[in-house]
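These are the residues of each chain, in order.
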Amino acid sequence: MSLFHLIAPSGYCINQEAAWRGVQRLTEAGHQVNNSDVIYRRYQRFAGTETERLADINALAHLDLPNTIVLAVRGGYGASRILAGIDWSALIARQLHNPLLICGHSDFTAIQCGLLAKGNVITFSGPMLAANFGAETLNEFTAHHFWLALRNKTFTVEWQGEGPSCQTEGTLWGGNLAMLISLIGTPWMPNISNGILVLEDINEHPFRVERMLLQLLEAGILDRQKGIVLGSFSGSAPNDYDAGYSLQSVFDFLRSRLSVPLLTGLDFGHEQRTVTLPLGAHAVLRNNQNGTQLILSGHPVLKS
């Protein structure tokens with residue numbers, strides 16, 4: 001069994017019932033959950049003041065219990081406000097000798113990218129407490145892929161992707177598209193070439209998804225990669241004005257401009273059904289008539 005250490009660096013957890021259901025579900029499964037007081041915290045729209053939320057992150061450098069999973073309560077907005085105050089060197093040093101398994105997504109992408117940019121620290125883009133572990137019914141696919149990633153030094157994610165045949169490899173990185181865009185030109189944007197970039201988002205109209213992807217393209221980031229994998233884009237339904245323009249239109253247009261393979265269809269993002277991916281790990285990406293595979297290795301795992 002594992003220790004879950006909760007952090008809340010972003011938005012206030014408006015769904016308190018879900019968060020506490022997540023705590024109960026993890027506890028009943030035999031895990032220990034600590035730092036749960038962060039669930040209650042609130043200052044304006046945030047899960048506490050900047051000082052409190054920053055303390056959540058900086059305190060990680062001093063956690064010394066083995067097999068600790070650091071789990072974000074939820075996303076929202078707020079991580080961007082505290083990036084400049086994070087003691088990156090202390091946290092990176094901590095991760096080098098006894099890595100915490102740090103997991104979250106959405107707004108948390110900003111901190112994950114900072115750790116990757118400044119210290120090549122691997123974190124997991126995956127479920128969070130309230131939305132996932134606290135769902136009325138825990139998604140079996142999500143739970144399976146969470147433990148698959150955290151327990152196995154090498155594991156494979158498979159799906160039926162759409163895109164060109166390819167076999168390539170590189171550093172897996174990315175996360176939430178909007179958060180990645182917000183980091184361009186900052187010290188917290190990873191400078192990765194020859195990588196596998198994986199992206200997802202929520203509540204962005206297809207034209208906004210396209211605009212952000214084009215920004216990555218025109219900034220030279222996409223063509224520096226070996227491959228691009230797109231996950232889910234929840235809440236992106238087109239409207240009558242679009243007259244047939246859709247996410248598929250976005251993907252087709254982007255492929256016409258790209259020199260690297262772009263694959264879609266991965267269950268990854270703001271959905272109940274999502275994989276867990278180690279950002280910063282080594283990835284082998286394959287796509288052929290039999291389906292699509294991401295083979296991942298080099299990430300920290302729970303000790304048996």
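Please read these numbers as outputs of a predicted model, since none were measured by experiment. The numbers attached to residues start from 1 for each chain and follow its sequence in the written order. Per-residue local features of the predicted model are confined to residues with pLDDT of at least 70, and side-chain atom pairs are confined, for both listing and counting, to 80 or more; whole-chain, interface and lining totals are unaffected and use all residues. Heavy atoms throughout the structure, all of them, feed into the side-chain values; hydrogens and water do not.

*Asks:* Help me out: how do you make sense of the overall build of the chain in this one?
*Replies:* Only DSSP runs of H or I with at least four residues qualify as helices, and only runs of E with at least two residues qualify as strands; both kinds are numbered from the N terminus onward. Each helix and strand in the chain was counted, giving ten helices and 13 strands. Relative to the globule expectation of 19 Å for 304 residues, the C-alpha radius of gyration of the chain, 18 Å, shows essentially globular dimensions. Its C-alpha atoms give the chain principal-axis dimensions of about 50 × 40 × 40 Å. Three labels apply to residues, based on accessible area from a 1.4 Å probe with only protein chains included: buried if under 20% of the type maximum, exposed if over 50%, partly exposed otherwise in between. When the 304 residues of the chain are sorted by exposure, 58% land in the buried category. We call two residues contacting when some pair of their heavy atoms lies within 4.5 Å. At a minimum sequence separation of 6, the contacts of the chain that also span at least 24 residues come to 81%. Charge assignment in this entry is limited to Lys and Arg as positive and Asp and Glu as negative, and neither His nor the chain termini are counted. The location of each charge is read from NZ of Lys, CZ of Arg, CG of Asp or CD of Glu. Here the chain contributes 21 positive and 25 negative side-chain charges, whose respective centroids are spaced 5 Å apart. Radius of gyration here uses only the C-alpha atoms, and the compact-globule reference equals 2.2 Å multiplied by the residue count raised to the power 0.38.

*Asks:* Even after reading the chapter, I still don't get the environment of Gly291, so can you show me in this structure?
*Replies:* Relative to the elements of secondary structure, Gly291 occurs in strand β13 (residues 291-297). Its relative accessible area of 10% is what places Gly291 among the buried residues. On a C-alpha basis, the gap between Gly291 and Ser165 in space is 9.4 Å, while along the polypeptide they are 126 residues apart. For Gly291, the contacting residues outside a window of four places in its chain are Trp159, Gln160 and Arg286.

*Asks:* Can you help me understand the domain arrangement of the chain in this one?
*Replies:* Per the domain assignment, the segments making up the chain are domain 1 (3-139) and domain 2 (154-297). Between domain 1 and domain 2, the contact holds 27 residues from the first and 27 residues from the second. A buried area of about 2,000 Å², summed over both sides, lies between domain 1 and domain 2, and 65% of it is on carbon and sulfur atoms. Considering only the side of domain 1, the residues that lose the most area to domain 2 are Cys113, Leu116 and Ser125, jointly responsible for 25% of the buried surface there. Throughout the structure description, domain borders are defined by an automatic or database domain assignment. Accessible surface is computed with a 1.4 Å probe, and the buried area is the amount of it that two parts give up when combined, taken over both parts together.

*Asks:* Whenever I open this one, the packing of aromatic side chains confuses me. Can you help?
*Replies:* Think of a pair of aromatic rings as described by two things: how far the centres are apart, and how the planes are tilted against each other in angle. Here is the rule: rings of Phe, Tyr and Trp (six-membered ring for Trp) pair when centre to centre is within 6.5 Å. Planes less than 30 degrees apart are stacked, more than 60 are edge-to-face, and the remainder are tilted. In the structure shown here, the tally under the stated rule is eight aromatic pairs. A ring pair is formed by Phe146 and Trp147, whose centres lie 4.9 Å apart and whose planes are at 75°; its orientation type is edge-to-face. On the basis of relative accessible area, Phe146 is assigned to the buried category, the value being 0%. A residue is classified by how much of its surface remains accessible, and Trp147, at 15% relative accessible area, is buried. Arranged with centres 6.5 Å apart and planes meeting at 55°, the rings of Phe233 and Phe251 form a pair that is tilted. Linking Phe233 in strand β9 (residues 227-234) with Phe251 in helix α10 (residues 247-257), this pair joins segments that are 18 residues apart in sequence. For the residue pair Phe233 and Phe251, the accessibility class agrees, reading buried in each case. Through pairs of rings, three or more aromatic residues link up here, namely Phe4, Phe133, Phe146 and Trp147. Remark: a charge is flagged as sitting over a ring if the NZ atom of Lys or the CZ atom of Arg is within 6 Å of the ring centre and within 35 degrees of the ring normal. Its end group placed over the ring of Phe141, Arg273 keeps NZ or CZ at 3.7 Å from the ring centre.

*Asks:* Please explain the UniProt feature "domain: LD-carboxypeptidase C-terminal" (unreviewed entry) in the chain as it appears in this structure.
*Replies:* Per the UniProt record, "domain: LD-carboxypeptidase C-terminal" (unreviewed entry) is found at residues 169-284. Helix makes up 27% of residues 169-284 and strand makes up 27%, while its end C-alpha atoms are separated by 4 Å. UniProt positions are given in the numbering used here, feature names are shortened, and annotations may be inferred rather than shown by experiment.

*Asks:* Can you help me understand the side chain of Thr123 in this one?
*Replies:* Positionally, Thr123 belongs in strand β5 (residues 123-125). Of note is the side chain of Thr123, whose polar atom sits 3.2 Å from the side chain of Gln112. The residues contacting Thr123, other than those within four sequence positions of it, are Ile102, Gln112, Leu115, Leu277, Pro278 and Leu279. Whenever a nitrogen or oxygen atom comes within 3.5 Å of another N or O atom, the pair is scored as a polar contact, on the condition that within protein one atom can donate a hydrogen and the other can accept it, and that pairs from neighbouring residues in sequence are kept only if both atoms are in side chains.

*Asks:* Would you mind showing me how to read the packing of helix α4 (residues 88-97) against helix α5 (residues 109-119) here?
*Replies:* Helix-helix packing is characterised by the crossing angle of the two axes and by the distance between the axes. Axes, fitted as lines to C-alpha atoms, cover a helix only where it is in contact. Angles between the N-to-C directions of the axes lie from 0 to 180 degrees. The interhelical angle for the contact between α4 and α5, taken along N-to-C directions, is 80°, at an axis separation of 10 Å. When the axis of α4 is compared with that of α5, the two are roughly perpendicular. On α5, the residues that touch Trp88, Leu91 and Ile92 of α4 are Ile111, Gly114, Leu115, Lys118 and Gly119. Each residue gets one label: Ala, Val, Leu, Ile, Met, Phe, Trp, Tyr, Cys and Pro are nonpolar, Asp, Glu, Lys and Arg are charged, and the others, such as Gly, are polar. For the contact of α4 with α5, the per-class residue count stands at five nonpolar, two polar and one charged. Put simply, angles under 35 degrees are roughly parallel, angles over 145 are roughly antiparallel, angles from 65 to 115 are roughly perpendicular, and the rest are oblique.

*Asks:* What exactly am I supposed to notice about the nonpolar core here?
*Replies:* Soluble globular proteins tend to bury their nonpolar side chains together. We call a set of buried residues a nonpolar core when its members are Ala, Val, Leu, Ile, Met, Phe, Trp, Tyr or Cys and they connect through side-chain atoms within 4.5 Å of each other. The biggest cluster of nonpolar side chains holds 52 residues, and the ones touching the most others in it are Ile111, Leu177 and Leu216. By residue number, the principal contributor to this core is helix α9 (residues 206-218), which donates six residues. Both domain 1 (3-139) and domain 2 (154-297) contribute no fewer than three residues apiece to this core. Every residue in contact with Ile111, bar those within four places of it in the chain, is listed here: Pro9, Ile57, Ala79, Ile82, Leu83, Ile86 and Trp88. Val38, Ala130, Cys166 and Ile196 belong to the second largest nonpolar core, which has 45 residues in total.

*Asks:* Looking at this structure, I do not really get the pairing of strand β3 (residues 68-72). What am I missing?
*Replies:* If a strand is regular, its side chains alternate between the two faces of the sheet. Among the five residues in β3, five count as buried, and that is most of the element. Of the two faces of β3, the one carrying Thr68, Val70 and Ala72 and the one carrying Ile69 and Leu71 are both buried. Here a strand pair is declared whenever DSSP counts at least two bridges between the two strands. Pairing between strand β1 (residues 3-7) and β3: five bridges, direction parallel. In the sheet register, Leu3 faces β3, and the bridge partner there is Thr68.

*Asks:* Help me understand the pairing of strand β8 (residues 196-202) in this model?
*Replies:* By the criterion of burial, β8 is predominantly enclosed, with six of the seven residues buried. In this structure, strand β7 (residues 166-176) lies alongside β8, joined through five bridges in parallel fashion. Bridge pairing in β8 places Gly175 opposite Leu199. Inspection of the sheet shows β8 paired to β9 by six bridges, in the parallel sense. Directly across from Leu197, in β9, lies its bridge partner Ile228. Assessed by its sense of winding, the connection that carries the chain from β8 through α9 to β9 is right-handed. With the strands pointing away from the viewer, any crossover whose connection runs clockwise from the first strand over the helix to the second is right-handed.

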